[in-house]
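Per-entry structural report
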Amino acid sequence: EKQYEFILTSRPADGVGLITLNRPKALNALSTPLFTELNDAVKAFDDDDGVRAVVLTGSERAFAAGADIKEMKDKQFAEVFKGKFLESWSLLTTVRKPIIAAVSGYALGGGCELALMCDIILASPTAVFGQPEISIGVIPGGGGTQRLAHAIGKSRTMELVLTGRNFSAQEAAEWGVVSRVVGEGEGVVLKEAIELAQVIASKSAIAVQAGKEAVNAAYEHTLNEGLRYERRVFHSLFATKDQKEGMAAFAEKRKPTWSHS
Ligand code: CAA
């Protein structure tokens, strides 16, 4: 694996790529150099046929405590506008392979937004989410106002964004921000995220990627457009080897062998 300064990458299981944010002294604050590495690693896994699902995690104490405030504090409008500050963060949302966030500890500001950019979020009971930007004189800039509003509705999003209060793993699960809260214990959320990634990696990669694309259409299209889009993508899978193999294997009462194509 390539060596990075602020992240670690590995392959904990067949078909699974793991990215660990590794800037412990700053609680994984998302500096520009860290995000450049993260984007590089995400792209490398997306381009790698040996990887079919990606897990993104931080430490026990912090998934990520937000954008790097010390890096941002002296920036001027012209600089952030012309430099498209934070625009590169959205690379994560353009990849085809599913990304699972395993969140332990603080997921604040940009850290919460980073988790929201992933396809599935699993939370440790210790996870603390929030958009505290209002308390430092700004608002979320990495998608928090939009993705939270889609996920949990206007009133809750307004309350969180305008007060900056944190919310717990339990609240995140009740509201549907995370798919579930795992059991207590060090490393449990990462272990479960890797298991989940393994299940996804055991399916046909082309079908998984089509499924991700179709679910995402629900957030971009009207219902009718989304339904038509889903049907078209569904139809297109009849051009794949894995559709033939999957259905033949069912009829022959055997396990499918995917070619992922
Ligand atoms: N940026 C830069 N450094 C950060 C940081 C951040 N977002 N969060 C934590 N750190 C640093 C601290 O400055 C501290 O460094 P030093 O040891 O050099 O002083 C180190 O990480 C450890 O942090 P604390 O001593 O503060 O740890 P704590 O346990 O007392 O508190 C915390 C933890 C509540 C998460 C607190 O660190 C905190 O409030 N962090 C900032 C959270 C925040 O406001 N995030 C939003 C950022 S803005 C944003 O993200 C914009 C956007 O939409 C993209």
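Per an unreviewed UniProt entry, the recorded name for the protein chain is Probable enoyl-CoA hydratase, mitochondrial, and the organism is Trametes pubescens.

So, about the site of the ligand. Taken together, 25 residues lie near the ligand, and Arg 61, Gly 110, Glu 113, Glu 133 and Gly 141 sit nearest. For the ligand, whose unbound accessible area comes to 980 Å², protein coverage reaches 65%. Mapped by element, the contributors of at least two residues to the shell around the ligand are helix H2 (69-72), strand S6 (106-108) and helix H4 (110-117). Looking at the shell around the ligand element by element, the count peaks at 3 residues for H2. Of the residues assigned to the shell around the ligand, the class counts are 14 nonpolar, 5 polar and 6 charged.

Another point: the environment of Gly 130. Among the structural elements, Gly 130 can be located in strand S8 (residues 128-130). A relative accessible area of 0% means that Gly 130 is categorised as buried. Counting along the chain gives 42 residues from Gly 130 to Ala 172, while the straight-line C-alpha distance between them is 9.9 Å.

Turning next to helix H1 (residues 32-47). The terminal C-alpha atoms of H1 lie 22 Å apart, and with 16 residues this matches the ideal 22 Å at 1.5 Å per residue to within 8%. When H1 is considered as a whole, its buried residues turn out to be Leu 34, Phe 35, Glu 37, Leu 38, Asn 39, Ala 41, Val 42, Phe 45 and Asp 46. Along its buried surface, H1 packs onto strand S1 (7-13), strand S2 (16-21), strand S3 (53-57), strand S5 (99-103) and H4.

Bringing the sheet that holds S6 into the picture now. Spatially, 4 strands are ordered S4-S6-S8-S9 in an open sheet, and the strand pairing comes out mixed. Looking at strand neighbours, the two that pair on one side only are strand S4 (62-64) and strand S9 (166-168), the edges of this open sheet. Averaged over neighbouring strand pairs, the angle between their axes works out to 25° when direction is ignored. Bridge count between S8 and S9: 3 bridges; the pairing is antiparallel. From the neighbouring strand, Val 128 faces S9, where its bridge partner is Ser 168. Strands in contact with H4 are S4, S6, S8 and S9; relative to S6, the strand with the most contacts, it is inclined by about 90°.

What follows is about the nonpolar core. Residues Phe 129 and Val 177 are the most contacted members of the largest nonpolar core, which totals 45 residues. Those residues in contact with Phe 129 that sit more than four places away from it in its chain are Val 103, Ala 107, Leu 108, Cys 112, Ala 123, Asn 166, Phe 167, Ser 168, Ala 169, Ala 172 and Val 178. Counting 16 residues, the second-largest nonpolar core is a separate cluster that includes Val 16, Val 189, Ala 193 and Ala 201.

A word on the environment of Ser 204. Summarising the element assignment, Ser 204 is placed in the loop between helix H8 (188-201) and helix H9 (205-217). Between the C-alpha atoms of Ser 204 and Ser 259, which are 55 residues apart in sequence, the distance is 7.4 Å. Excluding anything up to four places from it in sequence, Ser 204 contacts Asp 242, Trp 258 and His 260.

By the criterion of burial, H4 is predominantly enclosed, with 8 of the 8 residues buried. Buried residues of H4: Gly 110, Gly 111, Cys 112, Glu 113, Leu 114, Ala 115, Leu 116 and Met 117, and no others.

On to the sheet that holds S5. By way of backbone hydrogen bonds, the strands of a sheet pair with one another, either parallel or antiparallel. The 6 strands are arranged S1-S2-S3-S5-S7-S10 in an open sheet whose pairing can be described as mixed. Both edges of this open sheet fall to S1 and strand S10 (180-181), since each of them pairs with a single strand only. Where H8 meets the sheet, it contacts S1, S2, S3, S5, strand S7 (120-123) and S10, and its direction lies at approximately 165° from that of S5.

What follows deals with the pattern of salt bridges. In the structure shown here, the tally under the stated rule is 16 salt bridges. One salt bridge connects Lys 191 with Glu 195, and the closest N-O pair in it is separated by 3.4 Å. Here the residue Lys 191 and the residue Glu 195 both occupy positions in helix H8, the gap between them amounting to 4 residues, near one helical turn. Given the relative accessible area of 51%, Lys 191 is considered exposed. In this structure Glu 195 comes out as partly exposed when scored by relative accessible area, which is 39%. Glu 245 serves as the salt-bridge partner of Arg 254, at 2.8 Å between the closest nitrogen and oxygen. The class for Arg 254 is partly exposed, based on a relative accessible area of 35%.

The next subject is the packing of helix H5 (residues 144-152) against helix H6 (residues 154-163). At a minimum axis separation of 7 Å, H5 and H6 run at an interaxial angle of 140°. On the basis of their axis angle, the class for H5 and H6 is oblique. For the element pair H5 and H6, the recorded crossing hand is right-handed. Contacts between H5 and H6 involve Thr 145, Leu 148, Ala 149 and Ile 152 from the first element and Lys 154, Arg 156, Thr 157, Leu 160 and Val 161 from the second. Counted by class, the contact of H5 with H6 contains 5 nonpolar, 2 polar and 2 charged residues.

Definitions and cut-offs
- Residues numbered from 1 in each chain as written.
- Predicted model: local features only at pLDDT ≥ 70, side-chain atom pairs only at ≥ 80, totals over all residues.
- Heavy atoms only, no water.
- Near = heavy atom within 4 Å.
- Areas by Shrake-Rupley, 256 points an atom, 1.4 Å probe, with all protein chains shown as cover.
- Helix = DSSP H or I, 4+ residues; strand = E, 2+ residues; numbered from the N terminus.
- Nonpolar A, V, L, I, M, F, W, Y, C, P; charged D, E, K, R; others polar.
- Buried < 20%, exposed > 50% of the residue type's maximum accessible area, 1.4 Å probe, protein only.
- Expected span 1.5 Å × (residues − 1).
- Contact = heavy atoms within 4.5 Å.
- Pairing = 2+ DSSP bridges.
- Axes fitted to C-alpha atoms, helices over the stretch in contact; angles between N-to-C directions.
- Core = buried A, V, L, I, M, F, W, Y, C linked by side-chain atoms within 4.5 Å.
- Salt bridge = Lys/Arg side-chain N within 4 Å of Asp/Glu carboxyl O.
- Parallel < 35°, antiparallel > 145°, perpendicular 65-115°, else oblique.
- Left-handed = near helix turned anticlockwise from the far one by under 90°.

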